[in-house]
Amino acid sequence: MDGFYLLAAGVLEILVVVGIRDIALKRYARGCALYALGLSSSLFLLYLAMKTIDMSIAYAAYTGIGVVGTVVTGILFWGDKKSYKKLAYLSLLVASIVVLKTAG
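Calculation rules
Residues numbered from 1 in each chain as written. Predicted model: local features only at pLDDT ≥ 70, side-chain atom pairs only at ≥ 80, totals over all residues. Heavy atoms only, no water. UniProt positions renumbered as here; feature names shortened; annotations may be inferred. Helix = DSSP H or I, 4+ residues; strand = E, 2+ residues; numbered from the N terminus. Salt bridge = Lys/Arg side-chain N within 4 Å of Asp/Glu carboxyl O. Buried < 20%, exposed > 50% of the residue type's maximum accessible area, 1.4 Å probe, protein only. Patch = residues over 30% accessible without salt bridge, like charges linked within 9 Å, V, L, I, M, F, W, Y side chains within 5 Å. Areas by Shrake-Rupley, 256 points an atom, 1.4 Å probe, with all protein chains shown as cover. Axes fitted to C-alpha atoms, helices over the stretch in contact; angles between N-to-C directions. Parallel < 35°, antiparallel > 145°, perpendicular 65-115°, else oblique. Left-handed = near helix turned anticlockwise from the far one by under 90°. Contact = heavy atoms within 4.5 Å. Nonpolar A, V, L, I, M, F, W, Y, C, P; charged D, E, K, R; others polar. Expected span 1.5 Å × (residues − 1). Arc of directions from axis to C-beta.

Where an unreviewed UniProt entry is consulted, the chain appears under the name Guanidinium exporter, with the organism given as Chromobacterium fluminis. For the record of the chain, the UniProt heading Subcellular location (unreviewed entry) holds the text "Cell membrane".

A. Here's a closer look at the UniProt feature "transmembrane region" (unreviewed entry) in the chain. The positions UniProt marks with the feature "transmembrane region" (unreviewed entry) are residues 6–25, 32–50 and 56–78. When the span residues 56–78 is considered, its composition is 96% helix and 0% strand, and the gap between its end C-alpha atoms is 31 Å.

B. Looking closely at the pattern of salt bridges. Counting across every chain of the model gives 2 salt bridges. Its salt-bridge partner being Asp 22, residue Arg 27 comes within 3.0 Å of it at the nearest N-O pair. Under the relative-accessibility criterion, Arg 27 is labelled partly exposed at 38%. With relative accessibility at 2%, the residue Asp 22 sits in the buried group. The partner of Arg 30 in a salt bridge is Asp 22, with the nearest N and O atoms 2.6 Å apart. Overall, the relative accessible area of 48% leaves Arg 30 in the partly exposed class. One salt-bridge network, held together by shared partners, links Asp 22, Arg 27 and Arg 30.

C. Geometry of a nonpolar patch on the surface. Residues Met 50, Met 55 and Tyr 59 make up a contiguous nonpolar surface patch of roughly 310 Å² in combined accessible area. Along the chain, Met 55 turns up in helix H3 (residues 55–77). According to the relative accessible area criterion, Met 55 is exposed, its value standing at 53%.

D. View of the packing of helix H2 (residues 28–49) against H3. One way to put it is that H2 packs onto H3 with a least axis distance of 10 Å and a crossing angle of 150°. The orientation of H2 relative to H3 falls into the category roughly antiparallel. Seen along the crossing, H2 lies across H3 with a hand that is right-handed. Contact residues: Ser 42, Leu 43 and Leu 46 in H2; Ala 58, Tyr 59 and Tyr 62 in H3. Residues that form the contact of H2 with H3 fall into these classes: 5 nonpolar, 1 polar and no charged.

E. Spatial organisation of H2. When the terminal C-alpha atoms of H2 are compared, their 31 Å separation across 22 residues agrees well with the 32 Å that a helix rising 1.5 Å per residue should span. Where H2 is concerned, the buried positions are Gly 31, Leu 34, Gly 38, Ser 42, Leu 45, Leu 46, Leu 48 and Ala 49. The arc enclosing the buried residues of H2, seen along the axis, measures out at 150°, which places them on a common side. In H2, the exposed positions that point more than 90 degrees away from the buried face belong to Ala 29 and Leu 37. Against helix H1 (2–24) and H3 lie the buried residues of H2.

The structure is reproduced here in structure tokens:
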């Protein structure tokens, strides 16, 4: 169950970035709501996951999932540039998270 909490926390981290983007685009009501909801819920789920997962592994995985999710969201919905280098580095990040989790 802790793995699910960690994965959900990382995915909800994407809401934080979407909220920040909305605030930057002057959509304050939606941006603040997404930011607050994303941050509070993702940190709560991270807290639940860290009850049994080491802090160093949990936080690294949490941020890594958020980074990968944000990059993919940017490519799919915001018109961010995609490249083979970006895909290679994201794959490296995912592989690092997997190895870190199995080593822990």
